[in-house]
Amino acid sequence: MTARDPAAAAPQADDLSDSDPALAGLRVLDLTQFEAGTSCTQSLAWLGAEVIKVEPPGTGEQARNASAAKFGTDSYFFMVLNANKRSMTLNLKSPQGKAILTRLIERSDVFIENFAPGTIERLGFSYEEVSRINPRIVYAQIKGFAPESPYGEYPAFDMIAQACGGAVSITGESDGRPLKPGPTIGDTGTGLHCSIGIIAALYQRMRTGRGQRVQVAMQEAVINFCRMAFAAQLMFDKTTPRNGNQSLLGGTSPSELYPCKGGGPNDYCFIYVSRAGDRQWKRLLEVIGKTELAADPRLGTADMRYAHRDVIDPIVREWTLKHDKAMVMKTLGDAGVPAGAAFDTQELINDVDLRNRGAFATVDHPTRGTFTMPGWPVRMSDSNVKVTAAPLLGSDNDYVFEQLLGMGEDEIRTLRECNAT
């Protein structure tokens, strides 16, 4: 084995072609785990960046074994969050492992971590140290709470962020307990916020030549998702309550999930008629054959319809129960009435149109075989990255050591003998 000349950095613009994806040429050092951080780096990978996932030797990132249904293989939890990345192993508690990471920092554009508070500093890779090594690097961190907040040292997961960020308080029926929303906006939502910050920092670096620190707290990202709840608080000058399937900014009817033919647990369709005028209300009445209700004095405005939703709901329900949810959605949608069938995960993953559009992608994993997972929803006319399976632990060690760092056989052997990788 012969040593290669180490690259000073990721490929530069002059080395790229017009057919390369948007973030081609950017190298990301990914020290993230679980969902919030990995969602951020996966989005960067799907935009074309080279993402090198740095993991502990032997065990790898914790999510590899979290919720694993098959012993000795990576969990689906891990695989749907780490597609299109490279994996290398480094023992960051060893001097040799730290030295390798330092060399990678010199050659990278982004460094991102979401360890528990204080961990990355104890490992010796604080923002100050990393920016000293490479002043151009964008250093990103995701934590549950802002470091300077009263909760800055507390650990957090998605449900903690959703509780502390307000999402739980506004979810559920008005007379029931608060509930955690199903989508993991505290995790994936924070990761996407962070990716926006990273891309903005890289753009600013084009002007200044300097990197910077990007910090996103999960609590604060959830608050940002809840802007309409704060608009409601401003509007009504009181704490925003739970409002079931109604808008937080004002009630209307219909605005509800209605049962449909079939009677299954997800045989429902959400039907919503805007508060802005009566056009959708009248279209709905035409579809369900109740045009006489357009002249009902009790139902003349959105506020009045909300007040008399006990009159409207049974009428709409009687009609929806005659049709399956897909037909309800199509019939109303064709008539210009907002309606959404409550598609479940199995229905969505088997949807031919969504599969064709790339909302779901089928990948071939070395040990799990072929499976289908959600893809990247952002469509760009001049940037496209095929979804590939998450990497096996350490599968890119040779690539990093030989091609990126130009290390020879003896140097690599020494690293392995001292358990640095």
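Residues numbered from 1 in each chain as written. Predicted model: local features only at pLDDT ≥ 70, side-chain atom pairs only at ≥ 80, totals over all residues. Heavy atoms only, no water.

Q: Mind showing me how you'd approach the packing of aromatic side chains here?
A: Each pair of aromatic rings is reported with the distance of its centres and the angle of its planes. According to the stated counting rule, one finds eight aromatic pairs in the structure shown. Taken together, a centroid distance of 5.1 Å and an interplanar angle of 5° make the contact between F111 and Y139 stacked. Here F111, found in strand β4 (residues 110-113), pairs with Y139, found in strand β5 (residues 138-143); they are 28 residues apart in sequence, far enough to count as distant. Residue classification places F111 among the buried positions, given a relative accessible area of 0%. Between Y151 and Y154, the ring centres sit 5.8 Å apart and the planes meet at 45°, which makes this aromatic pair tilted. By relative accessible area, which is 38% here, Y151 ends up partly exposed. A relative accessible area of 46% places Y154 in the partly exposed class. Pairwise contacts between aromatic rings join F111, Y127 and Y139 into one cluster. Lying across the ring of Y399, R86 places its NZ or CZ 3.6 Å from the centre. (Phe/Tyr/Trp six-rings, centres within 6.5 Å; stacked < 30°, edge-to-face > 60°. Helix = DSSP H or I, 4+ residues; strand = E, 2+ residues; numbered from the N terminus. Buried < 20%, exposed > 50% of the residue type's maximum accessible area, 1.4 Å probe, protein only. Lys NZ or Arg CZ within 6 Å of the ring centre and 35° of its normal.)

Q: For this particular structure, what's the right way to read the layout of surface pockets?
A: By rolling a water-sized probe across the atoms, one finds the places where empty space is left. The calculated volume of the second largest pocket comes to roughly 450 Å³. Lining the second largest pocket are 19 residues, and of these Q42, W46, P374, G375 and P377 sit closest to its centre. With four residues, helix α1 (residues 36-46) is the largest single contributor of residues to the lining of the second largest pocket. Taken together, the residues that form the lining of the second largest pocket break down as 12 nonpolar, five polar and two charged. (1 Å grid on protein atoms, 1.4 Å probe; cavity = no way out; pocket = protein on both sides within 12 Å on 5 of 7 lines; lining within 4 Å. Points joined across faces, edges and corners; volume = space filled by probe spheres on them. Nonpolar A, V, L, I, M, F, W, Y, C, P; charged D, E, K, R; others polar.)

Q: What exactly am I supposed to notice about unusual backbone geometry here?
A: One can expect most non-glycine residues to show negative phi and most peptide bonds to be in trans. With omega at 5°, the peptide bond leading from S253 into P254 counts as cis. For P254, the location among the structural elements is in the loop between α9 (227-236) and β7 (255-259). If you check the backbone angles, D237 has positive phi at about 55° while not being a glycine. Tracing the backbone through its elements, the reader meets D237 in the loop between α9 and β7. On the basis of relative accessible area, D237 is assigned to the exposed category, the value being 70%. With a phi angle near 60°, N419 is a residue other than glycine that sits in the positive phi range. One can find N419 in the segment after α17 (409-417).

On their own, these measurements won't tell you what the molecule is for.
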